[in-house]
Amino acid sequence: MDKKIISKIEKYKKLYYNIFINNEYFATLHSEVLDKFSLKEGNILEDIDLEDIKIYAEERKARERCLYLISYRDHSWKELYEKLLKSVSEEVARKSVEKMENIGLIDDMKYGMALAKKYLVVKKWGFKKAEYELSLKGISKENIEIILEEYQQEVNILDNIKFIIEKKHQKNLLDYKGNQKIITSLLRMGYNYSNIKIVIDQMIEDINNKI
């Protein structure tokens, strides 16, 4: 069996290097990987060495990708895992995300609570839309139930509906077509029909009483 010899190491860009074994391209590796395995031109490698190098390089790549993504915004376990799958194996992606979770860099409950506040308190969406958006972000059904239950006492649905109508739709209240547009808009925001109707009827009654 031919010996596997590092025939050439050439700089690729920044801290990355192209590695050639027996004059054939092997991989592009970060200088950290080269230092870890003391890779130099002329080194003789075994199959097991090559496999270790590949695994370490992939794990390092996944770790750096995780840190890069997290630095821009919080991610759920599922979001981070699915993004990693675009560049590393399932096993490495899973292990990498688990490490991020173990050191506290991702926390689905904390992330979900922050999202719920944004959706329910800031954007004033209804619970149905908030639930749907949380699920899209990869928050588990169990966590969503706990999170939304926390906000049941904090968020007054009827007050939110009234606030939205006063801010965006006040002039359309007494017009039938405008009224239907208000209902459609609020349904899209995740509010249920019965609550919307309660608020609209009360607001119309208040307006008529002032006339």
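Check the entry above for the structure.
Below is a short write-up of the structure. (Residues numbered from 1 in each chain as written. Predicted model: local features only at pLDDT ≥ 70, side-chain atom pairs only at ≥ 80, totals over all residues. Heavy atoms only, no water.)

### Structural notes on the overall build of the protein
Part 1 of the argument: Of the regular secondary structure elements, the protein holds 10 helices and four strands.
Part 2 of the argument: Reading the helices (α) and strands (β) of the protein from amino to carboxyl end gives β-β-β-α-β-α-α-α-α-α-α-α-α-α.
Part 3 of the argument: Whereas a compact globule of 211 residues would reach a radius of gyration of roughly 17 Å, the protein reaches 28 Å, over 25% beyond that.
Part 4 of the argument: For the protein, the C-alpha atoms occupy an extent of roughly 95 × 30 × 25 Å along the three principal directions.
Part 5 of the argument: Taking all 211 residues of the protein together, the buried fraction comes to 37%.
Part 6 of the argument: Relative to all contacts within the protein whose residues are 6 or more apart in sequence, the contacts with residues 24 or more apart total 54%.
Part 7 of the argument: In the protein, 38 positive and 36 negative side-chain charges are present, and the distance between their average locations comes to 8 Å. (Helix = DSSP H or I, 4+ residues; strand = E, 2+ residues; numbered from the N terminus. Rg over C-alpha atoms; globule rule 2.2 N^0.38 Å. Buried < 20%, exposed > 50% of the residue type's maximum accessible area, 1.4 Å probe, protein only. Contact = heavy atoms within 4.5 Å. Lys, Arg positive; Asp, Glu negative; His and termini not counted. Charge placed at Lys NZ, Arg CZ, Asp CG, Glu CD.)

### Observations concerning the pattern of salt bridges
Part 1 of the argument: This model, assessed by the stated rule, comprises 10 salt bridges.
Part 2 of the argument: The shortest N-O distance in the salt bridge between E32 and R60 comes to 3.0 Å. With E32 in helix α1 (residues 31-36) and R60 in helix α2 (residues 47-72), this pair connects stretches of sequence that are 28 residues apart.
Part 3 of the argument: Look at E32 and you get partly exposed, because its relative accessible area is 24%.
Part 4 of the argument: Here R63 ties to E32 by a salt bridge, and the two come within 3.4 Å at their closest N and O atoms. Note that R63 is positioned in helix α2 and E32 in helix α1, a separation of 31 residues in sequence.
Part 5 of the argument: Linked through salt bridges whose partners overlap, the residues forming this network are E32, R60, R63 and E64. (Salt bridge = Lys/Arg side-chain N within 4 Å of Asp/Glu carboxyl O.)

### Some points on the sheet that holds strand β4 (residues 44-45)
Part 1 of the argument: Taken in spatial order, the four strands line up as β3-β2-β1-β4 in an open sheet, and their pairing is antiparallel. In this open sheet, the two strands that pair with only one neighbour each are β3 (24-30) and β4.
Part 2 of the argument: Bridge analysis of strand β2 (residues 16-21) against β3 gives six bridges, and the strand direction is antiparallel. Paired with Y17 across the bridge in β3 is L29.
Part 3 of the argument: The sheet strands contacting α2 are β1 (4-13), β2, β3 and β4, and the helix crosses β3 at an angle near 40°. (Pairing = 2+ DSSP bridges. Axes fitted to C-alpha atoms, helices over the stretch in contact; angles between N-to-C directions.)

### Considerations on the pairing of β2
Part 1 of the argument: Taken together, the six bridges between β1 and β2 define a ladder with antiparallel strand orientation. Within β2, the residue paired with K11 across the bridge is Y17.
Part 2 of the argument: Count of turn residues in the β1/β2 antiparallel hairpin: two residues, of which K14 carries a positive phi of about 50°.
Part 3 of the argument: Between β2 and β3, which pair antiparallel in sequence order, lie two residues; one of them, N22, sits at a positive phi of approximately 50°.

### Description of helix α6 (residues 127-136)
Part 1 of the argument: Inspection of α6 places F127, A130, E133 and L134 among the buried residues, and these make up the whole buried set. Summarising the axial view, the buried residues of α6 lie within an arc of 130°, below the 170-degree limit, and thus occupy one face. Those residues of α6 that are exposed and angled more than 90 degrees off the buried face are K128, Y132 and L136.
Part 2 of the argument: Buried-residue contacts for α6 involve α5 (108-122), α7 (141-152) and α8 (157-169). (Arc of directions from axis to C-beta.)

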